[in-house]
Amino acid sequence: MSKPLTLRKPSRKRYRPGIPRKSVVLTVMVALVAAYALMPLVWLIINSTKTQSDYITTFGFSFGDSFALFDNIKQTIQYRDGIFVRWFLNTLLYVIAGAGGATLLSVLGGYGLAKFNFPGRKTVIATVLGAIAVPSTALTVPLFLMFSKMGFVDTPLAVIIPCLITPFGFYLMWIFSQEAVPTELLEAARVDGSSELTTFFKISLPLLSPGIVTVALFAIVATWNNYFLPLIMLTSEKWKPLTTGLNDIKLQTYSPAGGAEPLQNVILTGSLLTIIPLCIAFLFLQRYWQSGLSAGSVKE
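Quantities reported herein were computed from a predicted structural model and do not represent experimental measurements.

Turning next to the overall build of the chain. Secondary structure summary: the chain contains 14 helices and 0 strands in total. Overall, the chain shows an N-to-C arrangement of helices and strands of α-α-α-α-α-α-α-α-α-α-α-α-α-α. A burial count over the chain gives 34% of its 300 residues as buried. Across the chain, the fraction of contacts at a sequence separation of at least 24, relative to all contacts at a separation of at least 6, is 71%. Taken as a whole, the chain presents about 19,100 Å² of accessible surface, with 68% of it coming from carbon and sulfur.

What follows is the structure, encoded as structure tokens:
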């Protein structure tokens, strides 16, 4: 005789589309990665509140006997007649001119490559893709030899000009322009008699805003954190950015010759002040950055 059929009770745990599953393992892994990423920042914030003596005598992740953050900020700003402020203004100059120019060139080049056909277009695409694979540090020494003959060494142009070219930003705007700006919309504008400049500024540019913000953020971070290029190009202290300037203070503090003044509190406070503008930029532009990164990932 055949066995009677029995109906199984439906499982209470069913996958419902749109509702993410809960996973303890993934939660623990994400927590560990977050702790690993935030640990240096927490250490920096805690030690920026210590005096020089507390920095030496206390544990790294514990606060000192006194809260000296504001005194450290004042000491950092007044160090060597305000050289830290000069380095900060130099960094702003390099970011505004270098990263701003790189964003502008990436937008114009990526849009033109995506929406116009011209002779040599495939060659340009291949060149851009090949340039992405070349590390920027490999070009620093040839740039130094070239700029030394042109008289650009130890001037702001030695830092600004190389920052204007970002192959990854060019490539990102090319991909984003293909998806964000419909070709039919451009054709309709041309039929109505709109010029190419008017079409770009009034129609295409608003549609490209998420991609522009994304490229700008990448360019700002790369220029703000640039270390090797200014280290090679700049010798005068008055044109150095924050990265190489703080490194000079560190070298003076840990001088092997001895007799150097310990300035760990100045170095740590200066490092904290250096990352604050980047954190503010990411917080205010985060939603544009996320939407820009996801553009083109799903095709309709």
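As a further point, take a nonpolar patch on the surface. Taken together, the side chains of Leu38, Met39, Leu41, Val42, Ile45, Phe59 and Phe61 make up a nonpolar region of the molecular surface, amounting to roughly 630 Å² of accessible area. Mapping leucine 38 onto the fold places it in helix α1 (residues 24-48).

This part covers the pattern of salt bridges. As enumerated under the stated definition, the model contains 3 salt bridges in all. Linking glutamate 237 and arginine 80 is a salt bridge whose minimum nitrogen-to-oxygen distance equals 2.5 Å. Placement of the pair is glutamate 237 in the loop between α12 (228-233) and α13 (242-253) and arginine 80 in the loop between α3 (69-78) and α4 (83-115), with a sequence separation of 157 residues. By relative accessible area, which is 35% here, arginine 80 ends up partly exposed. A salt bridge links glutamate 196 to arginine 190; its shortest N-O distance comes to 2.9 Å.

Take the packing of aromatic side chains next. With the rule as written, the count across this model stands at 9 aromatic pairs. Taking 6.1 Å as the distance between ring centres and 75° as the angle between the ring planes, the aromatic pair formed by tyrosine 111 and phenylalanine 116 counts as edge-to-face. On the basis of relative accessible area, tyrosine 111 is assigned to the buried category, the value being 5%. In this structure phenylalanine 116 comes out as partly exposed when scored by relative accessible area, which is 31%.

Here the focus is helix α5 (residues 121-132). An ideal rise of 1.5 Å per residue puts 16 Å on 12 residues; α5 measures up with 17 Å between its terminal C-alpha atoms. Those residues of α5 not exposed but buried are Arg121, Ile125 and Val128. In a view along the axis of α5, the buried residues occupy a sector of 65°, so they form one face of it. Projecting away from the buried face of α5 at angles above 90 degrees are the exposed residues Lys122 and Thr123. Elements in contact with the buried residues of α5: α4 and α8 (167-180).

Two elements in contact, α4 and α13, have axes whose closest approach is 8 Å; the angle formed by their N-to-C orientations is 155°. Taken together, the axis directions place α4 and α13 in an arrangement best described as roughly antiparallel. Mapping the contact onto sequence places Phe84, Trp87, Phe88 and Thr91 in α4 and Leu242, Gly245, Leu246 and Ile249 in α13. Looking at the contact of α4 with α13 residue by residue, the classes come out as 6 nonpolar, 2 polar and no charged.

Membership of the largest hydrophobic core comes to 17 residues, with the highest contact counts inside it found for Tyr79, Phe84, Trp87, Trp224, Leu242, Ile249 and Leu263. Residue contributions to this core peak at 6 residues, all from α4. Residue contacts for leucine 263: discarding those within four places in its chain leaves Gln52, Gln75, Tyr79, Ile249 and Thr253. In terms of nonpolar packing, the next biggest core, distinct from the first, is built from 10 residues, Leu172, Met173, Val181 and Leu186 among them.

Averaged over every residue, the pLDDT of the chain is 85; residues scoring 70 or more account for 87%. Within the model, pLDDT remains below 50 along residues 296-300, and this stretch shows 2 contacts once partners closer than five positions in the same chain are excluded.

Attention now moves to α3. Listed as buried for α3 are Leu69, Asn72 and Thr76. Down the axis of α3, the smallest arc covering the buried residues is 60°, so these residues share one side. Exposed residues lying more than 90 degrees from the buried face of α3 are Phe70, Asp71, Lys74 and Gln78. Following α3 by one or two positions, arginine 80 has its phi on the positive side, about 50°.

You can see valine 42 is positioned in helix α1. Sequence separation between valine 42 and glycine 60 is 18 residues; the distance between their C-alpha atoms is 9.9 Å.

With that settled, consider the environment of isoleucine 96. Structurally, isoleucine 96 is set in helix α4. In this structure, the C-alpha to C-alpha distance between isoleucine 96 and isoleucine 220, residues 124 residues apart in sequence, is 8.3 Å.

This part takes up unusual backbone geometry. Residue arginine 80 is not a glycine yet carries a positive backbone phi of 50°. In the Ramachandran plot, aspartate 81 falls in the positive-phi region, its phi being about 60° despite a non-glycine side chain. With respect to the helices and strands, the residue aspartate 81 is situated in the loop between α3 and α4.

Analysis parameters
Residues numbered from 1 in each chain as written. Predicted model: local features only at pLDDT ≥ 70, side-chain atom pairs only at ≥ 80, totals over all residues. Heavy atoms only, no water. Helix = DSSP H or I, 4+ residues; strand = E, 2+ residues; numbered from the N terminus. Buried < 20%, exposed > 50% of the residue type's maximum accessible area, 1.4 Å probe, protein only. Contact = heavy atoms within 4.5 Å. Areas by Shrake-Rupley, 256 points an atom, 1.4 Å probe, with all protein chains shown as cover. Patch = residues over 30% accessible without salt bridge, like charges linked within 9 Å, V, L, I, M, F, W, Y side chains within 5 Å. Salt bridge = Lys/Arg side-chain N within 4 Å of Asp/Glu carboxyl O. Phe/Tyr/Trp six-rings, centres within 6.5 Å; stacked < 30°, edge-to-face > 60°. Expected span 1.5 Å × (residues − 1). Arc of directions from axis to C-beta. Axes fitted to C-alpha atoms, helices over the stretch in contact; angles between N-to-C directions. Parallel < 35°, antiparallel > 145°, perpendicular 65-115°, else oblique. Nonpolar A, V, L, I, M, F, W, Y, C, P; charged D, E, K, R; others polar. Core = buried A, V, L, I, M, F, W, Y, C linked by side-chain atoms within 4.5 Å. pLDDT = per-residue confidence, 0-100.

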